[in-house]
Amino acid sequence: MKDVIIEKWDEILEYLKIEHGISNVSFRTWIQPLQVYSVDGNNITISVDDSLIGVDGKKFIIKKYALPLKVSIEEITGKECDLTFELLSEINKNEEKKKESGNSVQEKPATQIQNKYPFLNPRYTFDTFVVGSNNNLAHAASLAVAESPAEIYNPLFIYGGVGLGKTHLMHSIAHFILDQNPDAKVLYVTSEVFTNELIESIRNRADTNSVAEFRKKYRNIDVLLIDDIQFIIGKESTQEEFFHTFNALHESKKQIIISSDKPPKDIETLEERLRSRFEWGLTVDIQSPDYETRMAILKKKEELDGLSIDDEVMKYIATNVKSNIRELEGALTQIVARSRLINKKVDVALAEEALKDLISPNDKKDITVELIIGIVAEHFDISSDDIISSKKSRNIAYPRQICMYLCRTLTEIPLKDIGNKLGKRDHTTIIHGIEKIKKDMEKDSSLKNTIDVLMKKINPQ
Ligand SMILES: Nc1ncnc2c1ncn2[C@@H]1O[C@H](COP(=O)(O)OP(=O)(O)OP(=O)(O)O)[C@@H](O)[C@H]1O
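As a starting point, this report considers the structure included with it. Residue numbering note: each chain is counted from 1, following its sequence as written. Only residues with pLDDT of at least 70 get local features here, since the model is predicted, and only at 80 or more are side-chain atom pairs given and counted; chain-wide, interface and lining totals rely on the full set of residues. Heavy atoms throughout the structure, all of them, feed into the side-chain values; hydrogens and water do not.

**Considerations on the overall build of the protein**
- Broken down by element type, the protein carries 22 helices and eight strands.
- Within the span of the protein, comprising 461 residues, buried residues form 43% of the whole.
- At a minimum sequence separation of 6, the contacts of the protein that also span at least 24 residues come to 70%.
- Reported accessibility uses the Shrake-Rupley method at a 1.4 Å probe radius. Residues are deemed covered only where the shown protein chains occlude them. If you sum the accessible surface of the protein, you get close to 24,800 Å²; carbon and sulfur atoms cover 49% of it. Only DSSP runs of H or I reaching four residues or more are called helices, and only runs of E reaching two or more are called strands; each is numbered from the N terminus. Burial status follows relative accessibility: with a 1.4 Å probe on protein chains alone, a residue under 20% of its type maximum counts as buried, one over 50% as exposed, and anything between as partly exposed. Any two residues whose heavy atoms approach within 4.5 Å at even a single point are treated as in contact.

**What about the pattern of salt bridges?**
- Just to be clear on terms, a salt bridge is a Lys or Arg side-chain nitrogen sitting within 4 Å of an Asp or Glu carboxyl oxygen. Under the counting rule described, the total for this entry stands at 26 salt bridges.
- A salt bridge links Lys300 to Glu80, with the nearest nitrogen and oxygen atoms 3.7 Å apart. In this pair, Lys300 sits in helix H13 (residues 291–304) while Glu80 sits in the loop between helix H5 (55–77) and strand E3 (82–87), placing the two residues 220 residues apart along the sequence.
- Between Asp266 and Lys265 there is a salt bridge, with its nearest N and O atoms 3.6 Å apart.
- When its relative accessible area of 32% is taken as the criterion, Asp266 is described as partly exposed.
- It is possible to trace a salt-bridge network through shared partners that takes in Lys70, Glu74 and Asp127.

**Focus on the packing of aromatic side chains**
- Stacked, tilted and edge-to-face are the three classes applied to pairs of Phe, Tyr and Trp rings, where Trp contributes its six-membered ring and a pair requires centres within 6.5 Å; stacked means planes under 30 degrees apart, edge-to-face means over 60, and tilted covers the rest. In this structure the tally under the stated criterion is twelve aromatic pairs.
- Seen in terms of ring centroids, Trp30 and Phe60 are 4.5 Å apart; in terms of plane orientation they differ by 40°. Their pairing is tilted. One end of the pair, Trp30, is in helix H3 (residues 24–31); the other, Phe60, is in helix H5, and 30 residues separate them in sequence.
- A ring pair is formed by Phe214 and Tyr218, whose centres lie 4.7 Å apart and whose planes are at 40°; its orientation type is tilted. Here Tyr218 and Phe214 lie together in helix H10 (residues 210–219), a separation of four residues that amounts to about one turn. A single burial state applies to Phe214 and to Tyr218, both of which are buried.
- Two conditions define a charge located above a ring, namely a distance within 6 Å from the ring centre to NZ of Lys or CZ of Arg, and an angle within 35 degrees of the ring normal. The aromatic ring of Phe243 is capped on one face by Arg273, whose charged end is 3.9 Å from the ring centroid.
- For the cation-ring pair, Arg394 lies above Tyr398, with the distance from its terminal atom to the ring centre recorded as 4.3 Å.

**Remarks on the site of the ligand**
- Taken together, 18 residues lie around the ligand, and Val130, Lys166, Thr167, His168 and Glu329 are the ones closest in.
- Pairing of N or O atoms within 3.5 Å defines a polar contact, subject to two protein rules: one partner must be a possible hydrogen donor and the other a possible acceptor, and residues neighboring in sequence count only if both atoms are side-chain atoms. The contact in question runs from a nitrogen atom of the ligand to an N or O atom on the backbone of Val130, over 2.8 Å.
- Residue Leu164 places a main-chain N or O atom 3.1 Å away from an oxygen atom belonging to the ligand.
- Computed on the free molecule, the ligand has an accessible area of 640 Å², of which 90% lies beneath the protein chains in the complex.
- Mapped by element, the contributors of at least two residues to the shell around the ligand are helix H8 (166–180) and helix H15 (325–342).
- Classification convention: Asp, Glu, Lys, Arg as charged; Ala, Val, Leu, Ile, Met, Phe, Trp, Tyr, Cys, Pro as nonpolar; all other residues, Gly among them, as polar. Taken together, the residues of the shell around the ligand break down into seven nonpolar, seven polar and four charged. Whether a residue is near a molecule or strand depends on its heavy atoms: if one lies within 4 Å, it is near.

**As for the packing of helix H14 (residues 311–320) against H15**
- Note on geometry: axes are C-alpha line fits, over the in-contact stretch for helices, and angles between N-to-C directions span 0 to 180 degrees. Interaxial distance between H14 and H15 falls to 10 Å at its minimum, and their mutual angle equals 140°. The orientation of H14 relative to H15 falls into the category oblique. Considering only the axes of H14 and H15, their crossing is right-handed. Where H14 abuts H15, its residues Val313, Met314, Ile317 and Ala318 lie against Leu328, Ala331, Leu332 and Ile335.
- Here the contact of H14 with H15 is composed, by residue class, of eight nonpolar, no polar and no charged. Each angle gets one of four labels, with under 35 degrees taken as roughly parallel, over 145 as roughly antiparallel, 65 to 115 as roughly perpendicular, and the rest as oblique. Crossings are classed by handedness, with left-handed meaning an anticlockwise turn of the near helix from the far one by less than a right angle and right-handed meaning a clockwise turn.

Written out as structure tokens, the structure is:
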């Protein structure tokens, strides 16, 4: 059977052309000659006809069109994929060799990940990052920074709870920049490393010019990524040094990316001058993933690890391990390990047994529609009856839409039931409400704040 990508190739290219406003001449030169050479699961190899555009043409295509093409493939076919570009002359040479030795096509291992940059985790790339409603803004901002370092958002400040993907996104940015420009000087450090190196350099000051060395290391770079900045905060000398590092880099138009467990405004011990600098750029957050995203993350891990796990088991994990992606992945690993240890097939019973310590009954806090309505009503100083009434005035209709959004985000209750409990409204009204709040939150940071506060009231952790 023909792969859907091959079947829809012309449509994909046409979409790419229109969506990205590619001129006819550029399209004819770069895009039209591209052909799908092979499809192996999610790995697509595309041939670049170097007899038309030369060997360097491939580099240009990768830089300029690889990502738009990947997105177009996803838009048209719904398939996420990894693209590799190969010169047609090389492909032909290899085919010749294969014919000569009489070999059949070689099988590739499930997923091969090269460790190109030792200080980065090779698995933390944009390709392995699952985008969901909990992280889509953080993902988009990270990709934008990776594509155009120091041009749009500087600094980029990513915050979120434990194990939600901040480090993964930071490494993805670093990988992307280095893949595009292997000469870029990219430095990724945890703030603990930064602090330790600083202390060490101060301690050695008498013997060598170690403070100057420290400064040289941190200021003579193109991109600085500092993970978990909260560990720097609270230590005066490190804040001071970081302040100067920040200024030096920012002034010379170098990109700075920072992650933290809280937004700058909530870090109490953060000096005002640093806080205001962090707010020069863009601050984005990562929330806990919803059910669909948790499932997608599990599937991605299944694919990367070359596993094949029953869907019911995946659903069991996604339903029960909710707030932390590290735990979500850990749950899958534990189940697989147990199955190997006792040499039994992975099924829900085995999953329950393997995760019994992780999933305690107390974790299953009961968040109900009624609870959400009560807390939202109280916050806006209206009554619960107002929320479920048919009243249409904005001071009531808007909190009602906030309830819809919170019910969707904080519970697994089906839309139909949410609608019923919110005054017998049908599910399209609920979807409309949810989308409205999502859109408004993108533009309105005070609404986002309100939602954060409400979430904490509903689900204090
Ligand atoms: N959207 C995602 N798609 C795929 N994997 C993810 C995603 N988000 C997080 N993960 C995985 O979850 C694990 C934890 O993520 P990560 O270490 O980036 O979290 P973190 O926010 O930096 O945590 P901490 O606060 O502890 O530093 C990693 O293995 C990461 O690959």
